[in-house]
Amino acid sequence: MEEPKKITSVVLKNPLDMHLHLRDGITMRAVLPFSARSFVGALIMPNLIPPIDSLESARAYEERILACVKQSACENFTPLCALYMTDSLTTQMLEECAKAGYKFLKLYPKGATTNSQHGVSSVLDSHMCALFEAAQALEMIVCIHGESGGFVLDREHEFGSVLVELATKFPRLKFIIEHMSDHRTIPLLENYENLYATLTLHHITLDLDALAGGALCHHHFCKPVIKTPKDKEALLDLALNAHPKVSFGSDSAPHGLESKRNGAAGIFSAPCLLPQLVELFEHHEKLGNLQAFVSDNAMRIYDFASWSPLAQEWERNPKYVYLEKTPCEIPQGVGAYQAIGDELQISEEIIPLRAGERLKWTQK
Ligand code: DOR
Ligand code: ZN
């Protein structure tokens, strides 16, 4: 019998990261090149201080990101800026945003995570329902950090009832359950046509043992918290099979080492994401599904072709990302530098997921 052919290279067309924190200023300068090199586009989270919560701030933030893309000499990377839903958002603001091509809303329940103090205090009150009604009419997409204020391991599950109510009340509005982390949430995707999800690398590969099984590892601390082996396996299964209702969203969320030590939630996974995904899918003999997981599903779920000139542009001038089976090492740390007079001084160090580990695959 012939030996199966060993795969030594992979090409991905137009990879998308549908959940990314780029921050701003020197942190953005330090972290952006990792994403801009690997992805054709990313959905950029708006939880800055102050939040990106108006058309004006979204436009200005997008310009800063694009300037940084240019500076990093990374080509062909489009940031899609999401708008932070605050209690003071109005339907008129939504109309302005949608008209200007900003289609994504991000809903943080107040207090649920990093910089969510401006989030929504009551997701289903009459003001919010009027906003969802408008968002539905405008064919916007609502990305949700779906956690209650309850016991940490049950927060996502408890939020399920809110998702059901939203999905039922606004059947033509698409809701994305961001960074799905609990196997008990999966049936919602099957049961409600307008509910979708993103999956991170860390939630499909790590469980609580990686956070607290040995010495406490703050680099594995994020919200929603990584959960049980059963949750991890169930979510991994969705990713490996490129379940049609999920797409990849890294939730790469950089924090300086000092903040991490002080308990900040967020995992900086941007360095070497695609090599890690290739390694994971290869290990499970599912490489054939990776293209769908990192791009095709998102193209379909977010239906870029129906509203964005990007769909055509990405087809006409695709970004191909080449990976080959030669070892690479995840950086030990990434420095954010500040100019002090003529000198560049390191202002903070950001430690990536699996820092210093050797991978079997490299992005060329
Ligand atoms: O772990 C997280 N970090 N979860 C979030 O929802 C926010 C993010 C951040 O901005 O650091
Ligand atoms: Zn996030």
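In this text the structure is predicted, and so the values were computed from the model without any measurement. (Residues numbered from 1 in each chain as written. Chains lettered and ligands numbered in written order. Predicted model: local features only at pLDDT ≥ 70, side-chain atom pairs only at ≥ 80, totals over all residues. Heavy atoms only, no water.)

## Some points on the pattern of salt bridges
And then number 1: On inspection of all chains with the given rule, the structure shows nine salt bridges.
And then number 2: Between Glu324 and Lys364 there is a salt bridge, with the nearest N and O atoms lying 3.5 Å from each other. Of this pair, Glu324 sits in strand E11 (residues 320–324) while Lys364 is found in the segment after strand E16 (362–363), placing the two residues 40 residues apart along the sequence.
And then number 3: The partly exposed category is assigned to Glu324, whose relative accessible area is 25%.
And then number 4: Lys364 gets classed as exposed once you look at its relative accessible area, which sits at 61%.
And then number 5: What emerges from the salt-bridge pattern is a single network uniting Asp154, Asp182 and Arg184. (Salt bridge = Lys/Arg side-chain N within 4 Å of Asp/Glu carboxyl O. Helix = DSSP H or I, 4+ residues; strand = E, 2+ residues; numbered from the N terminus. Buried < 20%, exposed > 50% of the residue type's maximum accessible area, 1.4 Å probe, protein only.)

## Some details on the coordination of the zinc ion (ligand 2)
And then number 1: The zinc ion (ligand 2) binds to the protein through His19 (NE2), His21 (NE2) and Asp251 (OD), with metal-donor distances spanning 2.0 to 2.1 Å.
And then number 2: For the zinc ion (ligand 2), all donor residues lie on one chain, and their spacing in sequence is H-x1-H-x229-D. With His21 in the loop between strand E2 (16–20) and helix H1 (25–38) and Asp251 in the loop between strand E10 (246–248) and helix H10 (257–261), the pair connects residues that are 230 residues apart, well separated along the chain. Each of the two residues, His21 as well as Asp251, counts as buried. (Donors = N, O, S within 2.8 Å, 3.2 Å for Na, K, Ca; no water.)

## Topic: the sheet that holds E16
And then number 1: Reading across from one edge, E1-E11-E16 is the order of the three strands in this open sheet, with antiparallel pairing throughout. Across the chains shown, the open sheet's two edge strands, defined by having one partner strand only, are strand E1 (9–13) and E16.
And then number 2: In this sheet, E11 lies alongside E1 in antiparallel orientation, the contact comprising five bridges. In the strand pairing of E11, Lys13 is matched with Tyr320.
And then number 3: Contacting E1, E11 and E16, helix H11 (residues 273–283) runs over the sheet at an angle of about 60° to E11. (Pairing = 2+ DSSP bridges. Contact = heavy atoms within 4.5 Å. Axes fitted to C-alpha atoms, helices over the stretch in contact; angles between N-to-C directions.)

Function cannot be inferred from these measures alone, as they are strictly geometric.
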